[in-house]
Amino acid sequence: MAAGIREKQTVALKRMLNFNVPPVKNSTGEPVWKVLIYDRFGQDIISPLLSVKELRDMGITLHLLLHSDRDPIPDVPAIYFVMPTEENIDRMCQDLRNQLYESYYLNFISAISRSKLEDIANAAIGANAVTQVAKVFDQYLNFITLEDDMFVLCNQNKELVSYRAINRPDITDTEMETIMDTIVDSLFCFFVTLGAIPIIRCSRGTAAEMVAVKLDKKLRENLRDARNSLFTGDTLGAGQFSFQRPLLVLVDRNIDLATPLHHTWTYQALVHDVLDFHLNRVNLEESTGTESIPAGARPKKKNKKSYDLTASDKFWQKHKGSPFPEVAESVQQELESYRAQEDEVKRLKSIMGIEGEDEGAISMLSDNTAKLTSAVSSLPELLEKKRLIDLHTNVATAVLEHIKARKLDVYFEYEEKIMSKSTLDKSLLDMISDPDAGTPEDKMRLFLIYYISSAQAPSEVDLEQYKKALTDAGCNLAPLNYIKQWKAFTKMASAPTSYGNTTPKPLGLFSRVMNTGSQFVMEGVKNLVLKQQNLPVTRILDNLMEMKSNPETDDYRYFDPKMLRGSDSSVPRNKNPFQEAIVFVVGGGNYIEYQNLIDYIKGKQGKHVLYGCSELFNATQFIKQLSQLGQK
């Protein structure tokens, strides 16, 4: 897995856009112009990986949704990239009948069934278009890559595999089977793209175990079918690491419900928590300043702006895991260095407008021409730098407004203390009833974390008092009902999770940022520095990857799809530590855990870890699911 999953999926997409032949690097000819037709699933897979410009370079002149009104373009080949669903197939058959394009390259995101293939064949014969259907491929790309080391299963129908769907009390067996099949299908696609067969470990008696059993069976069947196996020579690891297999750790969201509710302090996780951040794109509402609006006039509409935070954004790549104060300071430094460069260009401009013919000016001119040439050649770079600075200034300012308005630094620090069982400097009741601190949702999150993390549930009397304070603060108590049942249930099953015992250290206020008249007015925001502590998910990975014995993970089941007979054991055959691991959370994940894993693996030389989840939610979305579960 030296090549990240992002690279592998991008390569697969580019091959598909080149009519399923690997693109030749140095061909000088024009690309073949073609149309790309995708459904919403295809769009979500492509958009985090390829920009419109990259698509154009590959010869894609138009990219359209399958279910939109499309005009016939008779002399152009069309590449379809869609899920093999009933309505998609009907629409494709209709396209064949209407003879919209010159030739059709049909690519299915996930494997298509025999019967649906026959439907297409019948339509092609009926439309007299058999010769025009050039290729039909199963692409096995049914997952969305967000980072080099992070992927999520789906976005369009994520309600189907959400935490709520898996944990509904009234779920039937067939519904559960469908959910598990959906998850397994995507994970199977992931391993086909990765070109590796993992060794699977999972906890017992959870949804994660059901996924493991099904995935093991699916990989095993595919390996047995020698003619059609997807894991043959050329795809398998492509010569690198094929002898060293990755470890897949399947964990269930229920092992740790506190982290998804936790207020956070690193940049990426904060952006996801307080802004609308979705498939690597953040949407901001721009406030139009506070001009006085004449009485009776309609208030101005807020402008919506969206920014892509991509792999090519160096600032983002470098700072997405940094604590927020550090980010604010870095943006400021970037801005200052940019201004210095800009001033240099301006200075040269003024010199170039030299008048008079005196000797000095001429010699200065030749000297400066060289400087100017270099300045001009660095202009595109400067403009790109300015774009990124503006982007991060806007995003960071928006985040800062939330931090200040909701006192998120206070919440973060307080929750860390609760989770690490250290002494609290003010009572929880004061926090909840303080009208200035946070939204009702922030208070609910804080209380739920306290409730989940406490070894003894608070007594009925105390609980009533808390409930009253929460209701007074405007909180919806539905999530608490669910967490109460959950806690009672897990109490029978296991001991409460521990979160390590460290607390963030405040480092006085931002002296430097304050002095230089920065745009970020950080007054009153604590400068908290994070100490590395492993969250439950990271701890489990550490035990399994390093082959440590620990009661928490000793009874995890062990599957090896390459073994002829599946054995139900929790005794690993392989005693060596793993170099590569994939952690997959069934029931939803978040950027806090992702960041925690990345920080953990940084300290391990030559090891890689990928984080995947069935859906990616922030605390607001998670609380919503909990309250739906808590409503009777």
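Just so we're clear, the structure is a prediction, and the values are computed from it rather than from any experiment.

Points about the overall build of the protein chain
Move 1: Summing up its helical and strand segments, the protein chain has 22 helices and 17 strands in all.
Move 2: Excluding contacts between residues fewer than 6 apart, the proportion of contacts in the protein chain whose partners are at least 24 apart in sequence is 79%.
Move 3: With an accessible surface of roughly 29900 Å², the protein chain has 53% of that area assigned to carbon and sulfur atoms.

So, the pairing of strand β17 (residues 608-613)
Move 1: With five of six residues buried, β17 is to be regarded as a mostly interior element.
Move 2: Strand direction decides the pairing type here: strand β7 (residues 150-152) and β17, joined by three bridges, are parallel. Bridging from a neighbouring strand, V152 pairs with C613 of β17.
Move 3: The pairing of strand β16 (residues 580-586) with β17 spans six bridges and is parallel. Bridge pairing in β17 links I582 to L610.

Here we look at the packing of helix α4 (residues 86-97) against helix α5 (residues 114-126)
Working note: a packed helix pair is described by the angle between its axes plus the distance between those axes.
Move 1: Where α4 contacts α5, the axes come no closer than 9 Å and their chain directions differ by 15°. Judged on the interaxial angle alone, α5 and α4 are roughly parallel. Here α4 runs over α5; the crossing is right-handed. The segment α4 lies against α5, with E86, I89, C93, L96 and R97 engaging K116, D119, I120, A123 and A124.
Move 2: For the contact of α4 with α5, a count of residues per class yields six nonpolar, no polar and four charged.

Quick notes on the sheet that holds strand β12 (residues 303-308)
Strand pairing in a sheet relies on backbone hydrogen bonds. The paired strands run either parallel or antiparallel.
Move 1: With antiparallel pairing, three strands are arranged side by side in an open sheet as β10-β11-β12. Two strands lie at the open edges of the sheet, namely β10 (276-278) and β12, each paired on one side alone. Strand-to-strand, the axes of this sheet are offset by a mean angle of 25°, without reference to chain direction.
Move 2: Of the strand pairs in this sheet, strand β11 (residues 281-286) and β12 are connected by six bridges, and their pairing is antiparallel. What sits directly across from N283, in β12, is S306.

Digging into the sheet that holds strand β5 (residues 133-138)
Move 1: Ordered in space as β2-β1-β3-β4-β5, the five strands form an open sheet in which the pairing is parallel. The open sheet has two edge strands, β2 (60-65) and β5, and neither has a second partner. With strand direction ignored, the average angle separating the axes of adjacent strands in the sheet is 20°.
Move 2: Relative to strand β3 (residues 73-82), strand β1 (residues 34-38) runs parallel, the two sharing four bridges. Residue pairing across strands places I37 opposite Y80, the latter belonging to β3.

Topic: helix α21 (residues 591-602)
Move 1: The end-to-end C-alpha separation of α21 is 16 Å, in line with the 16 Å expected for twelve residues at 1.5 Å each.
Move 2: Within the sequence span of α21, burial applies to Y591, I592, E593, Y594, Q595, N596, L597, I598, Y600 and I601.
Move 3: N-capping of α21 is provided by N590, with a side-chain oxygen placed 3.1 Å from the backbone N of I592.

Notes on the confidence of the model for the protein chain
Move 1: Here the protein chain averages 83 in pLDDT, and 83% of its residues register 70 or above.
Move 2: Long-range and interchain partners of residues 234-242, a stretch whose pLDDT sits below 50, account for 14 contacts in this model, where long-range means more than four residues apart.
Move 3: Here residues 506-518 scores under 50 on pLDDT; set against residues more than four positions off or in separate chains, the count is 25 contacts.

Conventions used here
- Residues numbered from 1 in each chain as written.
- Predicted model: local features only at pLDDT ≥ 70, side-chain atom pairs only at ≥ 80, totals over all residues.
- Heavy atoms only, no water.
- Helix = DSSP H or I, 4+ residues; strand = E, 2+ residues; numbered from the N terminus.
- Contact = heavy atoms within 4.5 Å.
- Areas by Shrake-Rupley, 256 points an atom, 1.4 Å probe, with all protein chains shown as cover.
- Buried < 20%, exposed > 50% of the residue type's maximum accessible area, 1.4 Å probe, protein only.
- Pairing = 2+ DSSP bridges.
- Axes fitted to C-alpha atoms, helices over the stretch in contact; angles between N-to-C directions.
- Parallel < 35°, antiparallel > 145°, perpendicular 65-115°, else oblique.
- Left-handed = near helix turned anticlockwise from the far one by under 90°.
- Nonpolar A, V, L, I, M, F, W, Y, C, P; charged D, E, K, R; others polar.
- Expected span 1.5 Å × (residues − 1).
- Polar contact = N/O pair within 3.5 Å; in protein donor to acceptor, adjacent residues only side chain to side chain.
- pLDDT = per-residue confidence, 0-100.

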